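# Secondary and tertiary structure notes
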Amino acid sequence: NVLMASSRLMHSFLEVNTANNPMSSLVLMSAATASVLAILIASSRKRWHDETEADMTALRDEIRTSSSSTEGGNKNTNLEGLPRSIQRHLQRSLGAASPQDPVKRAKMLSIKQRGRFLLNGKWIDFSARQIFSASNANPGFVWEANMRLPLLTIFGRSLTLPINVRDAYVNGHGTMVGKLFGALTIVDMKDTPELNKGELSRWLGECIVFPTALIPEDGGNGQKLRWKESNYDNNNNNNEGTTGIAVLVGAPCRTSDGKEREVETEIEFRCSTETGLIHSIYAMRPYAEPGQQDVIMLPWEGHFNDYQLRQGTLVPTSMEVGWWKDGELELYFKGKNIDFEFVF
């Protein structure tokens, strides 16, 4: 409505001001076009902001509902029964003296990030904000990133295109949206079994930054976390145990033919023999080449470094993630977690 009203106003203005002065027509038309484009971009950015806030509000509501329904319930709060490597990691990151010590579960985490993202073969800068549900009975996150794609440099100044990206898993449904100026759609994927599995994998892999989520709990909408032994230690003759495999069952998803399919992901967590902390993750995750519809399973790996204490929790502040292709790890994400806010 605002855009239509502005267009009518500009049209009337041009009719009045160019009737007797054709030479000014081009200048005025350019100014009118620029004004309309500015209004369109501002309107698109507001719509993008509103859609992101709606996702974040939905996730916060889910977290509140989950927290209130399990308040005072019988939820596991110690480390017994976990793989030895994961016990050691959690004892260090949570400051637990022994696996039997109860720990205080986080309900939610908000972070801010800065880093670089590989897009069309070029590394571009990004800034992002993200919120997580810290419950493995109700996993979820919303990640909003602002990127700037360099076009060319004129007189020492770089001209860039703004790209808005939103990646989310809310109420068991995944979304991945990318737009130029918050208006022109680059990618728009929603609630497919492959996407939901990928988003659930991302949440589980990033549990390292809110580590109490690595402790299985009951409740939620049927989503369950369990641990199993890894062959990595046996294959490497390691008797101390440096790995653990987490399996998370997500909310069921309806396929295009109307059938309901269970969504499940499995990630191997690898710990340092020196520090006892998780330094990398490994999983098979759905992958599609840019612009392609065909989805395949590819090895996916993440590295976590520079652990620092935040609100009494030892968390990694440096992360990088990539895909294994043709025997080589191709990184696509390098990020720094620059701000943490836990809600307990």
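The coordinates are above.
Residues numbered from 1 in each chain as written. Predicted model: local features only at pLDDT ≥ 70, side-chain atom pairs only at ≥ 80, totals over all residues. Heavy atoms only, no water.

## Notes on the nonpolar core
To be explicit about the condition: In this text, buried Ala, Val, Leu, Ile, Met, Phe, Trp, Tyr and Cys residues form a nonpolar core when linked through side-chain atoms within 4.5 Å. For every residue, the accessible area (1.4 Å probe, protein chains only) is compared with the maximum for its type, and the residue is labelled buried under 20%, exposed over 50%, or partly exposed between those bounds. A contact between two residues is defined here by any heavy atoms of the two lying within 4.5 Å.
Membership of the largest hydrophobic core comes to 64 residues, with the highest contact counts inside it found for Trp143, Met147, Trp203, Leu204, Phe210 and Phe269. Among residues more than four places away in sequence, those in contact with methionine 147 are Phe117, Ile124, Asp125, Phe126, Leu161, Pro162, Ile163 and Val165.

## Brief notes about a nonpolar patch on the surface
This is how the line gets drawn: Residues enter a patch when their relative accessible area is above 30% and they make no salt bridge; the linking distance is 9 Å between like charges and 5 Å between nonpolar side chains (Val, Leu, Ile, Met, Phe, Trp, Tyr). Per-residue and other accessible areas were derived by the Shrake-Rupley procedure at a 1.4 Å probe size, with only the shown protein chains allowed to occlude residues. When a carboxyl oxygen of Asp or Glu lies within 4 Å of a side-chain nitrogen of Lys or Arg, that pair is called a salt bridge. For helices the rule is a DSSP run of H or I covering at least 4 residues; for strands it is a run of E covering at least 2, with both sets numbered from the N terminus onward.
Residues Leu151, Leu152, Ile154, Phe155 and Leu159 make up a contiguous nonpolar surface patch of roughly 550 Å² in combined accessible area. Here the nonpolar patch takes 3 residues from strand S3 (residues 140-154), the largest share from any one element. Inspection of the secondary structure assignment puts phenylalanine 155 in the loop between S3 and strand S4 (157-170).

## Topic: the pairing of strand S14 (residues 313-325)
Our working rule: Between any two strands, pairing holds if DSSP finds at least two bridges.
Within S14, 11 of the 13 residues are buried, leaving the element largely enclosed by the surrounding structure. Summarising the sheet, strand S13 (residues 296-310) and S14 pair through 10 bridges and their orientation is antiparallel. Opposite histidine 303, over in S14, you have glutamate 320 as the bridge partner. Taken together, S13 and the strand that follows it, S14, pair antiparallel across an intervening segment of 2 residues, in which glutamine 311 is found at a positive phi of about 50 degrees. In this sheet, strand S15 (residues 328-343) lies alongside S14 in antiparallel orientation, the contact comprising 8 bridges. Pairing of valine 321 across the sheet is with phenylalanine 333, part of S15. Turn length for the S14-S15 hairpin, with the two strands adjacent in sequence and antiparallel, is 2 residues, and the turn residue aspartate 326 shows positive phi of about 50 degrees.

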